[in-house]
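Summary of the model geometry
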Amino acid sequence: SSSDLNEVLNYLKTNRAAANVSYYGKAKGKNVFIFHLESFQQFLINYKVNGQEVTPNVNKFYSDSNTLSFDNFFNQVGQGKTSDAETMLENSLFGLPSGSVMTSYGTSNTFQALPAMLDQKGYSTAAFHGDVGSFWNRNNTYKSWGYQYFFNDDYYKQKTNYSVGYGLKDKIFLKQATQYLEQLPQPFYAKLITVTNHYPYELDKENQSIQKTTTGDSTVDGYVQTAHYLDQAFGEFISYLKKSGLYDNSMIVVYGDHYGISNNHKKAIAQLLGKSSISSYDLAMFQKVPFMIHSNGLKGGVNHTYGGEIDVMPTLMDLLGLKNTDTIQLGNDLLSENRNQTVAFRNGDFVSPTYSKIGSKVYDSNGQVASNLTTEQKKSVDGMQARTNKVLSLSDKIVTGDLLRFYTPSGFKKVDKRQYSYKYSDG
Ligand code: GP9
Ligand code: MN
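The shown structure was predicted, so the numbers you read here are calculated from the model rather than taken from an experiment.

**Structural notes on the overall build of the protein chain**
- Broken down by element type, the protein chain carries 12 helices and 18 strands.
- Relative to the compact-globule value of 22 Å for 427 residues, the protein chain shows a C-alpha radius of gyration of 21 Å, a close match.
- Along the first, second and third principal axes, the C-alpha set of the protein chain runs to 65 × 55 × 40 Å.
- Out of the 427 residues in the protein chain, the part that is buried amounts to 61%.
- Expressed as a percentage of contacts within the protein chain between residues at least 6 apart in sequence, the contacts between residues at least 24 apart total 76%.
- By element, 48% of the accessible surface of the protein chain is carried by carbon and sulfur atoms, the whole surface being about 17,100 Å².
- Charge separation in the protein chain, taken as the distance between the mean sites of 42 positive and 39 negative side-chain charges, equals 2 Å.

**Comments concerning the sheet that holds strand β1 (residues 31-37)**
- Reading across from one edge, β7-β6-β10-β1-β11-β12-β4-β13 is the order of the eight strands in this open sheet, with mixed pairing throughout. One side of each edge strand has no neighbouring strand; the edge strands of this open sheet are β7 (149-151) and β13 (301-303). Within the sheet, the average angular offset between the axes of one strand and its neighbour, ignoring direction, is 15°.
- With five bridges joining them, β1 and strand β10 (residues 188-193) adopt parallel strand pairing.

**Concerning the coordination of the manganese ion (ligand 2)**
- Those protein atoms acting as donors to the manganese ion (ligand 2) are Glu38 (OE), Glu38 (OE), Thr82 (OG1), Asp257 (OD) and His258 (NE2), and they sit at 2.0 to 2.7 Å.
- The site at the manganese ion (ligand 2) holds six donor atoms, and with the angles between them running 53 to 164°, its shape is irregular.
- Ordering the donors of the manganese ion (ligand 2) by residue number gives the pattern E-x43-T-x174-D-H.
- Under the relative-accessibility criterion, His258 is labelled buried at 2%.

**Structural notes on unusual backbone geometry**
- Following Gln186, the chain continues to Pro187 via a peptide bond in cis, the omega torsion being 0°.
- As for its placement among the helices and strands, Pro187 is situated in the loop between α7 (170-181) and β10.
- One non-glycine residue, Asn46, lies in positive phi territory at about 65°.
- Note on placement: Asn46 falls in the loop between β1 and β2 (48-49).
- By relative accessible area, Asn46 is classed as partly exposed at 49%.

**A closer look at the nonpolar core**
- Core analysis: the largest hydrophobic core is formed by 65 residues, its most contacted members being Tyr142, Met251, Phe291, Ile293 and Leu330.
- Excluding residues within four positions of it along the chain, Tyr142 makes contact with Glu86, Met102, Ala127, Tyr147, Phe150, Lys191, Ile193 and Tyr422.
- Among the nonpolar cores identified, the runner-up in size contains 55 residues, and Leu44, Ile210, Ile252 and Phe286 belong to it.

**Digging into a nonpolar patch on the surface**
- Together, Val132, Phe135 and Tyr166 make up a nonpolar patch on the protein surface, roughly 230 Å² of accessible area in all.
- Within the secondary structure, Tyr166 is located in the loop between β8 (163-164) and β9 (167-168).

**Re the packing of aromatic side chains**
- Following the criterion strictly, the structure yields 31 aromatic pairs and no others.
- When the centroid spacing of 6.0 Å and the interplanar angle of 75° are considered together, the rings of Phe74 and Phe345 count as edge-to-face. Within this pair, whereas Phe74 is found in strand β5 (residues 73-74), its partner Phe345 is found in the loop between β15 (343-344) and β16 (350-351), the two being separated by 271 residues in sequence.
- Residue Phe345 is classed as buried on the basis of its relative accessible area, which comes to 11%.
- Their ring planes at 80° and their centres at 5.9 Å tell us that Phe150 and Tyr422 sit as a pair that is edge-to-face. Separated by 272 residues along the polypeptide, Phe150 in strand β7 and Tyr422 in the segment after α12 (375-400) bring together distant segments of the chain.
- Judged by its relative accessible area of 1%, Phe150 falls in the buried class.
- Among the aromatic side chains, those forming a connected cluster through ring pairs are Phe33, Phe35, Phe61, Phe188, Phe234, Phe237 and Tyr240.

**Re the packing of α7 against helix α8 (residues 223-244)**
- Interhelical geometry of α7 versus α8 gives an angle of 25° and a closest axis separation of 9 Å. If you check the angle between α7 and α8, you find them roughly parallel. In terms of crossing hand, the pair formed by α7 and α8 is right-handed. Judged by residue contacts, Asp170, Lys171, Ile172, Leu174, Lys175, Thr178 and Leu181 of α7 engage Tyr229, Leu230, Gln232, Ala233, Glu236, Phe237 and Tyr240 from α8.
- Across the contact of α7 with α8, the residue classes break down as eight nonpolar, two polar and four charged.

**Some words on the packing of helix α1 (residues 2-15) against α12**
- As a packed pair, α1 and α12 sit with axes 10 Å apart at the nearest point and diverge in direction by 135°. When the axes of α1 and α12 are compared, the pair comes out oblique. Of the two elements, α1 crosses α12, and the hand of that crossing is left-handed. Note on element contacts: α12 touches α1 through Arg387, Lys390, Val391, Leu394, Lys397 and Ile398, opposite Asp4, Glu7, Val8, Tyr11 and Asn15.
- A class-by-class count of the residues in the contact of α1 with α12 yields five nonpolar, one polar and five charged.

**Let's talk about the UniProt feature "binding site: Mn(2+)" (unreviewed entry) in the protein chain**
- Using the residue numbers shown here, the UniProt feature "binding site: Mn(2+)" (unreviewed entry) corresponds to Glu38, Thr82, Asp257 and His258. For the residues just named, distributed over 221 residues, the greatest C-alpha separation is only 8.1 Å, placing them together at one site.
- Tracing the backbone shows Thr82 in helix α3 (residues 81-91).
- In this structure, Thr82 is in contact with His36, Glu38, Trp136, Arg138, Asp257 and His258, ignoring residues within four places of it in sequence.
- Within the structure, Thr82 has its side chain in polar contact with the side chain of Glu38 (distance 3.5 Å).
- When you line up the elements, His258 lands in the loop between β11 (250-256) and α9 (266-273).
- A distance of 3.3 Å separates polar atoms of two side chains, one belonging to His258 and the other to Glu38.

Cut-offs and rules
- Residues numbered from 1 in each chain as written.
- Chains lettered and ligands numbered in written order.
- Predicted model: local features only at pLDDT ≥ 70, side-chain atom pairs only at ≥ 80, totals over all residues.
- Heavy atoms only, no water.
- Helix = DSSP H or I, 4+ residues; strand = E, 2+ residues; numbered from the N terminus.
- Rg over C-alpha atoms; globule rule 2.2 N^0.38 Å.
- Buried < 20%, exposed > 50% of the residue type's maximum accessible area, 1.4 Å probe, protein only.
- Contact = heavy atoms within 4.5 Å.
- Areas by Shrake-Rupley, 256 points an atom, 1.4 Å probe, with all protein chains shown as cover.
- Lys, Arg positive; Asp, Glu negative; His and termini not counted.
- Charge placed at Lys NZ, Arg CZ, Asp CG, Glu CD.
- Pairing = 2+ DSSP bridges.
- Axes fitted to C-alpha atoms, helices over the stretch in contact; angles between N-to-C directions.
- Donors = N, O, S within 2.8 Å, 3.2 Å for Na, K, Ca; no water.
- Tetrahedral: all angles 85-135°; square planar, octahedral: opposite > 155°, others 65-115°.
- Core = buried A, V, L, I, M, F, W, Y, C linked by side-chain atoms within 4.5 Å.
- Patch = residues over 30% accessible without salt bridge, like charges linked within 9 Å, V, L, I, M, F, W, Y side chains within 5 Å.
- Salt bridge = Lys/Arg side-chain N within 4 Å of Asp/Glu carboxyl O.
- Phe/Tyr/Trp six-rings, centres within 6.5 Å; stacked < 30°, edge-to-face > 60°.
- Parallel < 35°, antiparallel > 145°, perpendicular 65-115°, else oblique.
- Left-handed = near helix turned anticlockwise from the far one by under 90°.
- Nonpolar A, V, L, I, M, F, W, Y, C, P; charged D, E, K, R; others polar.
- UniProt positions renumbered as here; feature names shortened; annotations may be inferred.
- Polar contact = N/O pair within 3.5 Å; in protein donor to acceptor, adjacent residues only side chain to side chain.

Here it is in structure tokens:
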């Protein structure tokens with residue numbers, strides 16, 4: 001309703017962080033790559049098994065002097081897993097308390113997604129994925145989001161040993177994706193969704209080139225092996241970008257969508273992290289995923305701000321110099337100097353650099369249960385909880401009420417999804 005929309009607009013009026021002038025527009029006009037590292041957690045960065053780096057290529061990218069890396073970046077997904085990550089990254093809206101925005105609302109709702117915004121600025125927009133187009137309702141949702149092309153599994157040569165689990169093995173997928181990539185008029189926005197590092201972490205013998213971990217938990221121990229394979233695929237793709245010249249005129253964004261090892265594996269997690277036991281706070285910290293932005297000329301380094309997937313779109317828009325002061329987005333630019341660092345999880349928990357609330361307990365920044373809070377400290381915790389509840393409920397109102405149909409940011413044209421058709425998966 002229009003009063004719900006007003007509530008959203010009022011909230012944004014006072015909660016939108018201003019862009020950082022030293023980064024605004026620094027990647028203007030560049031090609032954009034969104035490289036999705038399936039189920040890839042932050043702890044893998046610089047992690048070793050028997051002295052061997054699990055993800056040497058990602059590690060190198062992480063510490064490149066032109067890469068901005070975030071080490072307190074959290075996945076915020078709910079049941080919608082990958083689809084929640086995609087929804088947050090490209091719309092700055094949360095997933096739902098249950099189910100998936102893309103599945104339930106991707107076809108019917110009005111969106112003001114990043115691909116559509118770039119499409120309207122003269123970019124080509126394409127998504128690449130080695131699974132069937134209908135998974136998570138991508139074939140419909142991507143039209144609502146402004147993707148001109150969706151190169152799903154129908155576009156790639158298939159053979160029996162080419163796939164494992166949900167789709168094409170990453171190396172084969174990425175190699176084949178380049179033929180379409182090369183035909184995209186520049187500048188382009190290209191999202192590549194990998195899939196091999198997905199539960200249950202299966203991989204054929206030939207592609208296993210690192211030892212499994214030895215926690216004895218069979219659902220956990222294969223994780224480093226598929227992560228290692230994904231890392232090699234990533235490395236090959238980066239080499240291709242360098243050879244083709246795309247590396248230099250692109251902004252390359254790399255992120256992990258959600259955990260690979262669920263909270264049900266506490267004992268194994270403790271062993272992987274070399275701890276004697278794992279608290280709820282540790283498990284919350286275990287929800288960190290990589291978020292990195294590489295662009296020549298960007299001042300790199302590791303940034304410690306607390307943020308998450310909801311913050312990606314405003315961050316990228318500012319770097320691209322796209323006006324977003326009147327867009328409906330619930331996150332804030334990670335590079336902004338005065339941003340609120342409360343990170344909301346979909347279940348209403350939150351983490352921040354000071355206090356975190358997980359389950360029924362409040363923790364301090366050392367991971368200790370906070371007791372004897374002063375009135376002032378209590379107020380600050382309550383404020384963070386209120387903010388968390390507010391952003392989640394506003395997001396749900398926007399999605400379930402299809403509120404974006406009542407509002408169009410300046411300079412944006414409502415997406416007409418009939419202008420998009422994806423050859424093989426329009427069914
Ligand atoms: C399937 C893939 C997996 O196409 O994206 O999704 P997930 O199970 O990680 O949500
Ligand atoms: Mn996923």
